[in-house]
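Okay, here's what each chain looks like letter by letter:
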Amino acid sequence: MSSVEFILLFGTIVTIAYAKTIITADVSDNESFTYIRPSLADYYDQRERFIKEEDQRFLGATLVLTDEERTVNKYLMELKQNELRQGFNDCYDFIPARHFFEMVDKFNQSKLFQLIKMLPKGAVLHAHDMALGSVDLILKATYRDHLWQKGGFDSKEGPNFIFSIQQPDGEGWQRVSDLRNQQTATVYDEKIRSLFGLYCKDPLNTYKTIDSVWDKFEKMFTSLIPIITFEPVWREYYADALKEFYDDGVLYLEFRGVLPQLYDLDGKIYNPDEVISIYINETERFKSSHNPFIGAKFIFAPIRFANDSVFEGIFELAKNLHLQYPDFVIGFDLVGQEDRGRSLLEFVPQLLNLPDSIHFFFHAGETNWYGMKTDQNLIDAVLLGTKRIGHGFALLKHPNLLKELKRRNICVEINPVSNQVLKLVTDYRNHPATFFFSDNYPVVVSSDDPSFWGASPLSHDFYLAFLGIASAHHDLRLIKQLALNSIEFSAMEKAEKAIARVKFTHSWEKAIKDLALRINTNSSLPI
């Protein structure tokens with residue numbers, strides 16, 4: 001055989017071998033995978049099985065829909081696919097691809113959003129006391145008698161407010177009622193709305209970094225706290241906020257709070273015990289008049305910036321309040337910008353000494369800084385036995401923690417609008433919760449601080465999660481499973497959860513029946 005013939009023969013053998021076996025790669029620690037090129041029929045069969053297996057793993061995939069649910073689901077998915085097609089052809093006009101503030105006026109034009117608003121959504125498990133209610137409720141408080149203002153809206157720190165029968169000490173104080181009359185109610189009220197919200201027409205340039213948006217976020221409290229901590233306002237604000245959540249399809253609430261000092265016109269300062277009593281009384285009053293509302297529970301969540309001596313009192317207060325109100329004060333957390341605040345690691349000894357009955361619901365991983373101290377809060381949160389993780393935005397960077405989430409059944413509280421407004425993600429299609437949805441992780445959707453970004457109590461977050469974060473194939477089962485998860489991963493006791501599931505099921509079935517009837521008769525759909 002000539003050298004030329006040998007080369008040709010050798011090449012033929014290599015080509016045949018390559019056609020049969022082209023990849024050998026490690027699949028796990030103990031096995032390897034050899035790729036055999038399939039026939040065309042086998043290829044399509046494998047592809048179909050692959051897609052089917054993926055579809056069987058997503059959050060809610062195991063739910064079986066009733067006939068009425070299938071009717072609603074068909075209509076829901078038509079609306080979803082229509083918005084996805086339009087977005088695919090013009091992504092600049094696709095709501096989840098743009099900043100919430102840029103698209104806020106377009107939500108009411110979305111038939112899908114209007115439909116989601118009509119569905120019961122279970123519970124909100126991640127929200128904060130001073131940002132529960134809309135800015136309308138804050139504006140309403142400024143119409144009360146005896147409110148004074150010092151400083152203008154254009155000052156660097158913003159105006160100061162106080163409720164007082166007499167003019168407060170110092171120069172520059174004026175009655176808000178007089179200022180409103182001088183400027184006209186329309187002008188003054190618009191300044192109030194702007195003061196107590198992050199909304200702006202050009203958010204990408206106004207807030208160039210996470211720190212810049214957090215600076216504005218935290219500065220709002222200088223003006224807000226003296227208004228909202230006036231005892232009659234605090235009581236009314238909380239009750240009205242419950243009504244806003246209820247009207248948006250929320251049947252239960254677990255909220256974080258810092259327990260600020262309240263005051264009244266007689267000069268009384270209300271202690272934390274009295275603040276908790278207000279919460280409990282207003283919750284029970286609301287439940288009695290709004291069936292099927294389930295109730296609310298409180299997570300004590302002080303600011304993470306305090307020094308050690310202050311935290312000694314904080315931990316003692318957390319323990320005492322929990323022991324006094326075990327059915328309402330159910331957990332502990334730390335709040336404030338994670339990147340700038342103290343890490344969980346600094347508090348491990350004190351946290352381990354708290355009673356086992358105090359559940360932890362730690363903010364953790366609300367950051368883009370991989371491997372820094374904020375990122376590592378995730379490790380400490382899991383090791384400390386947190387029941388849920390607030391945000392968990394950085395979890396995908398920690399494969400071991402992802403395993404622990406499922407093993408320990410730790411729920412992730414995702415807050416889509418918050419994550420974008422506070423500069424963690426620009427486009428909802430890139431949100432890490434996509435992974436949690438695709439592989440049935442313990443996860444719920446919440447709203448964090450809806451007041452400050454002008455969002456609904458929950459519907460905006462559900463819509464953006466369903467259209468922007470979830471797969472194009474994820475359907476009504478995902479929405480229903482998220483609602484069921486919000487009950488399952490709440491801090492309610494078993495008996496409370498059983499009642500909650502019954503109430504949710506009744507509300508869900510009633511809403512589905514009504515929607516199915518409207519769809520079938522093509523009548524009076526609000527969308």
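Quick caveat: nothing in here was measured; it's all calculated off a predicted structure.

Definitions and limits used
Residues numbered from 1 in each chain as written. Predicted model: local features only at pLDDT ≥ 70, side-chain atom pairs only at ≥ 80, totals over all residues. Heavy atoms only, no water. Helix = DSSP H or I, 4+ residues; strand = E, 2+ residues; numbered from the N terminus. Expected span 1.5 Å × (residues − 1). Buried < 20%, exposed > 50% of the residue type's maximum accessible area, 1.4 Å probe, protein only. Arc of directions from axis to C-beta. Contact = heavy atoms within 4.5 Å. 1 Å grid on protein atoms, 1.4 Å probe; cavity = no way out; pocket = protein on both sides within 12 Å on 5 of 7 lines; lining within 4 Å. Points joined across faces, edges and corners; volume = space filled by probe spheres on them. Pairing = 2+ DSSP bridges. Axes fitted to C-alpha atoms, helices over the stretch in contact; angles between N-to-C directions. Salt bridge = Lys/Arg side-chain N within 4 Å of Asp/Glu carboxyl O.

Colleague: Describe in detail helix 13 (residues 308-324), supporting the description with residues and values.
Modeller: Because an α-helix packs 3.6 residues into every turn, residues spaced three or four apart end up facing the same way. Taking 1.5 Å per residue, 17 residues should reach 24 Å; helix 13 reaches 24 Å between its end C-alpha atoms and fits that length. Within helix 13, the full set of buried residues consists of Phe311, Ile314, Phe315, Ala318, Leu321 and His322. Projected down its long axis, helix 13 carries its buried residues within an arc of 135 degrees, all on one side. Among the exposed residues of helix 13, those oriented more than 90 degrees off its buried face are Ser309, Glu312 and Leu323. The inward-facing, buried residues of helix 13 contact helix 12 (272-289), strand 10 (295-300), strand 11 (329-332) and helix 14 (348-352).

Colleague: I'd like a description of empty space enclosed by the protein, backed by residues and values.
Modeller: On inspection of all chains with the given rule, the structure shows two cavities of 30 Å³ or more. Of the voids in this model, the largest cavity is the one considered here, and its volume is about 40 Å³. Of all the secondary-structure elements, those providing two or more residues to the lining of the largest cavity are helix 6 (135-141) and helix 11 (231-247). Counting residues per element, the lining of the largest cavity draws most heavily on helix 11, at four residues. Taken as a whole, the second largest cavity encloses approximately 40 Å³ of empty space. The element contributing the most residues to the lining of the second largest cavity is helix 11, with three residues.

Colleague: Outline the sheet that holds strand 7 (residues 250-257), supporting the account with residue identities and numerical values.
Modeller: Strand order in this open sheet of eight strands is 3-7-10-11-12-13-14-15, and the pairing throughout is parallel. Across the chains shown, the open sheet's two edge strands, defined by having one partner strand only, are strand 3 (122-124) and strand 15 (443-445). Here the strands of the sheet are splayed against their neighbours by 25 degrees on average, with no regard to which way each runs. The sheet contact formed by strand 7 and strand 10 spans six bridges and is parallel. Looking at the pairing, Arg256 lines up with Ile299 of strand 10. Its contacts with the sheet place helix 12 against strand 7, strand 10 and strand 11, and it is angled at close to 160 degrees to strand 10.

Colleague: Mind laying out the pattern of salt bridges, listing which residues take part and the relevant values?
Modeller: Going through the model one piece at a time under the given rule, you end up with 35 salt bridges. For Glu282, the salt bridge goes to Arg235, with nearest N and O atoms at 3.2 Å. With a gap of 47 residues between them, Glu282 in helix 12 and Arg235 in helix 11 connect regions that are remote in the sequence. Here Glu496 ties to Lys297 by a salt bridge, and the two come within 3.2 Å at their closest N and O atoms. Here the residue Glu496 occupies a position in helix 21 (residues 494-521), and Lys297 occupies one in strand 10, the gap between them amounting to 199 residues. Look at the salt bridges and you will find they share partners, linking Glu254, Arg256, Asp333, Arg388 and Glu413 into a network.

Colleague: So, the pairing of strand 4 (residues 147-150): which residues are in play, and what are the values?
Modeller: Relative to strand 5 (residues 160-163), strand 4 runs antiparallel, the two being bridged by four bridges. Note on strand 5: the bridge partner recorded for Lys150 is Asn160. Here strand 4 runs beside strand 6 (residues 173-175); their pairing, made up of three bridges, is antiparallel. By the bridge assignment, Lys150 is partnered in strand 6 with Trp173.

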